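Structure at a glance
In case you want the letters, here they are:
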Amino acid sequence: MKASIRQKLLIFSLIVLAGNGVLGYAVYQSNQKLQDAELLVHHTELIIYQSGNVLSIAKDVEAASRGFVITNDSSFLKPLYPEKKAAFSNIGKLRQLTIDNPAQQQRIDSLDFYMHKLLDFSFNTVELRATQGLTRATALVAAKQGKVYSDHIRQITNAIQQEENRLLKIRRQVDVNSSRSLKMISRVVFVSMVSFTVLLLILIGQYLRQNEEKEKRTAELAIANEERSKMVNELMLRNIDLEQFAYIISHNLRTPVANIIGASSALDDPDLSTDDKEILIGGIRVSVMRLDDVVRDLNHILQVKGDINETKETIIFSDLVDNIKLSIQHLIDKYEVDIKYDFSKANEFFTLKPYLYSIFYNLISNSVKYRRPDVPCTIEIKSSLVKKNMHIIFSDNGIGIDLKKNGGDIFGLYKRFHSNIEGKGMGLFMVKTQVETLGGKITVKSAENKGTEFKIEFEV
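Let us look at the structure shown here. (Residues numbered from 1 in each chain as written. Predicted model: local features only at pLDDT ≥ 70, side-chain atom pairs only at ≥ 80, totals over all residues. Heavy atoms only, no water.)

1. Digging into the overall build of the protein chain
- When its secondary structure is counted, the protein chain shows 12 helices and 7 strands.
- The burial tally for the protein chain puts 34% of its 460 residues in the buried class.
- Intrachain contacts of the protein chain at a sequence separation of at least 6 include 73% that bridge at least 24 residues.
- Carbon and sulfur atoms make up 56% of the accessible area of the protein chain, which amounts to about 28,600 Å² in all. (Helix = DSSP H or I, 4+ residues; strand = E, 2+ residues; numbered from the N terminus. Buried < 20%, exposed > 50% of the residue type's maximum accessible area, 1.4 Å probe, protein only. Contact = heavy atoms within 4.5 Å. Areas by Shrake-Rupley, 256 points an atom, 1.4 Å probe, with all protein chains shown as cover.)

2. A closer look at the sheet that holds strand β6 (residues 441-447)
- If you trace the 5 strands from one edge of the open sheet to the other, you get β2-β4-β5-β7-β6, paired in mixed fashion. Here the strands that pair on one side only, and so sit at the sheet edges, are β2 (338-342) and β6. Neighbour-to-neighbour, the strand axes of the sheet open up by a mean angle of 15°, direction not taken into account.
- Alignment of strand β5 (residues 389-396) against strand β7 (residues 451-459), held across 8 bridges, turns out to be antiparallel. Paired with H391 across the strands is E457, a residue of β7.
- The sheet strands contacting helix α8 (residues 317-327) are β2, β4 (378-386) and β5, and the helix crosses β2 at an angle near 170°. (Pairing = 2+ DSSP bridges. Axes fitted to C-alpha atoms, helices over the stretch in contact; angles between N-to-C directions.)

3. Observations regarding the packing of helix α10 (residues 353-369) against helix α12 (residues 427-437)
- α12 packs onto α10 with a crossing angle of 150° between their chain directions and a minimal axis gap of 9 Å. By the angle class used here, α10 and α12 are roughly antiparallel. Handedness of the crossing formed by α10 with α12: left-handed. Touching Y355, S358, I359, N362, L363 and N366 of α10 are G427, L428, V431, Q434, V435 and T437, all from α12.
- Tallied by class, residues from the contact of α10 with α12 come to 6 nonpolar, 6 polar and no charged. (Parallel < 35°, antiparallel > 145°, perpendicular 65-115°, else oblique. Left-handed = near helix turned anticlockwise from the far one by under 90°. Nonpolar A, V, L, I, M, F, W, Y, C, P; charged D, E, K, R; others polar.)

4. Details of the packing of aromatic side chains
- According to the stated counting rule, one finds 8 aromatic pairs in the structure shown.
- Seen from their ring centres, F113 and Y114 are 5.1 Å apart, and the 80° between their planes marks the pair as edge-to-face.
- Taking relative accessible area as the criterion, F113 reaches 45% and is therefore assigned partly exposed.
- When the ring of F349 is compared with that of F458, the centres are 5.1 Å apart and the planes differ by 25°; the resulting orientation is stacked. With F349 in strand β3 (residues 348-351) and F458 in strand β7, the pair connects residues that are 109 residues apart, well separated along the chain.
- On the basis of relative accessibility, which here comes to 2%, the residue F458 falls in the buried class.
- The ring centre of Y335 lies 3.3 Å from the NZ or CZ of R371, which sits over that ring. (Phe/Tyr/Trp six-rings, centres within 6.5 Å; stacked < 30°, edge-to-face > 60°. Lys NZ or Arg CZ within 6 Å of the ring centre and 35° of its normal.)

5. Concerning the packing of α8 against α10
- The contact between α8 and α10 brings their axes to 10 Å, and the two run at 55°. One element, α8, and the other, α10, form an angle in the oblique class. In this structure, α8 crosses over α10, and the sense of that crossing is right-handed. Counting all contacts with α8, which are made through F317, L320, V321, N323, I324 and S327, the residues of α10 involved are L356, Y357, F360, Y361 and I364.
- Here the residues of the contact of α8 with α10 sort into 9 nonpolar, 2 polar and no charged.

6. What to know about a nonpolar patch on the surface
- A cluster of nonpolar side chains, namely V194, V198, L199 and I202, defines an oily patch on the protein surface of about 320 Å² accessible area.
- In this structure, V198 sits in helix α5 (residues 145-210).
- Residue V198 is classed as partly exposed on the basis of its relative accessible area, which comes to 43%. (Patch = residues over 30% accessible without salt bridge, like charges linked within 9 Å, V, L, I, M, F, W, Y side chains within 5 Å. Salt bridge = Lys/Arg side-chain N within 4 Å of Asp/Glu carboxyl O.)

7. A word on the nonpolar core
- Counting 37 residues, the largest nonpolar core has I339, F360, I381, I392, F394, I456 and F458 as the members making the most contacts within it.
- Among the elements of the structure, α8, α10, β4, β5, α12 and β7 are those that each provide at least two residues to this core.
- Here the element with the most residues in this core is α10; it accounts for 7 residues.
- Once you skip the residues sitting within four places of it in the chain, F458 turns out to touch F349, L356, N389, M390, I392, V435, L438 and G440.
- Counting residues in hydrophobic clusters, the runner-up holds 27 residues, among them L77, L97, L118 and I160. (Core = buried A, V, L, I, M, F, W, Y, C linked by side-chain atoms within 4.5 Å.)

8. Overview of the environment of T443
- Examined against the element boundaries, T443 turns out to sit in strand β6.
- For the pair T443 and K432, spaced 11 residues apart in the sequence, the C-alpha separation amounts to 9.2 Å.
- Not counting residues up to four positions away in its chain, the partners in contact with T443 are E453, F454 and K455.

9. Focus on α10
- For α10, which comprises 17 residues, the first-to-last C-alpha distance of 24 Å matches the rise-based estimate of 24 Å (1.5 Å per residue) to within 8%.
- Of all 17 residues in α10, 12 are buried, a share of seventy percent or more.
- Listed as buried for α10 are Y355, L356, S358, I359, F360, N362, L363, I364, S365, N366, S367 and V368. (Expected span 1.5 Å × (residues − 1).)

10. So, the side chain of E164
- Residue position: E164 is located in helix α5.
- Taking the relative accessible area as the measure of exposure, E164 reaches 2% and is therefore buried.
- E164 has contacts with T44, I47, I48, T98, Q104 and R171, leaving out every residue within four places of it along the chain.

11. Remarks on helix α2 (residues 80-97)
- For α2, which comprises 18 residues, the first-to-last C-alpha distance of 26 Å matches the rise-based estimate of 26 Å (1.5 Å per residue) to within 8%.
- Among the residues of α2, L80, E83, A87, N90, I91, L94 and L97 are the ones counted as buried. Mapping the buried residues of α2 onto a view down its axis gives an arc of 125°, with all of them on the same face. Exposed side of α2, more than 90 degrees from the buried face: Y81, K85 and Q96 are the residues found there. (Arc of directions from axis to C-beta.)

Distances and angles like these do not, on their own, reveal function.
Right, here's the structure in full:
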């Protein structure tokens, strides 16, 4: 059975993956050896450096004691005590660094012994010079006992450094070999990767040519699905609108019509008194007015949905809010309303001005209407651009809404949550309708007696 291009591509990809895994492991091992060799080289160089420090300290100690003996100047003694501490600190570091080398450990034990001897001799010389004078101290120095200790320290440090230099030569050679090995493996990896990549691209090219028509069909199907999704969304919105209209017809039209029919039928009663007729006629008048209100609301909603083809223009948010503040100045003065805005991040938007004005006006006037009587009314408006989306946030410190109880109805038609405040329940419904007509969405956060925040998002 002949393998398809897809099967060949899969098999070859697995081979490439396995080969790359083997080569990658080889590179890792070679690189690890190189790192280990470099660490050993650094370790050896550090031992040589520390042993050089010990020898330098021995010379400084000897020079300090001799300088004091000759001059009786105590300034020569200042480095003596710090050098003593530094000497044994360096010897301790050497002991730790060579802990895996018994021969070096023996040398360091000898170095520690002679350093103690040299320091004891130097301090004795200093004490003799200070207490018994130059002659006695000079005689002690002339015995050359300190030189003997210094020579031993020099010989031991030289032996330590010779051993480390021998090891350093070996380790540097290992370092060079590891570096060469890494370069060789890197070349092999590069050549192999290039070869594998070329072969893989050839197979991919064959696979892409074989599937070109399939991809075209997939793209066409995706476009068709996208159009179908748009149609479904539009149908869902239309269904929501139909539900709203059905609600209006069943609740807000039917009730006044039923009242009119009932009152009209009652007027046919020949025994009806004049006062009763006037009451029935008054009821008919009220029902007709309510019916007219509902028809006007329906007309207003249909007008909003039908005016989307109006000319768009660039709207300046700060100017828009200033104009609204002027139009409700009497309310601002009466209720001491403080309206703040921050449009520093985004101050303009290209859209339908009447709609945007209506959105701003309704949200601001709602904040004034549903203010808390015990605190000054504060309204804050700010805008920003987030991932090419325009965000506009309205927040206030009003009486708020219990979203757990009423969250599902907050943008519903004729939905009211505060019966003690006049209103029809049209404002937020119209805001949501106008926002969605402009291609945006609106969300709300609120809590009773803690204020409300509306967030509007438009695509820019």
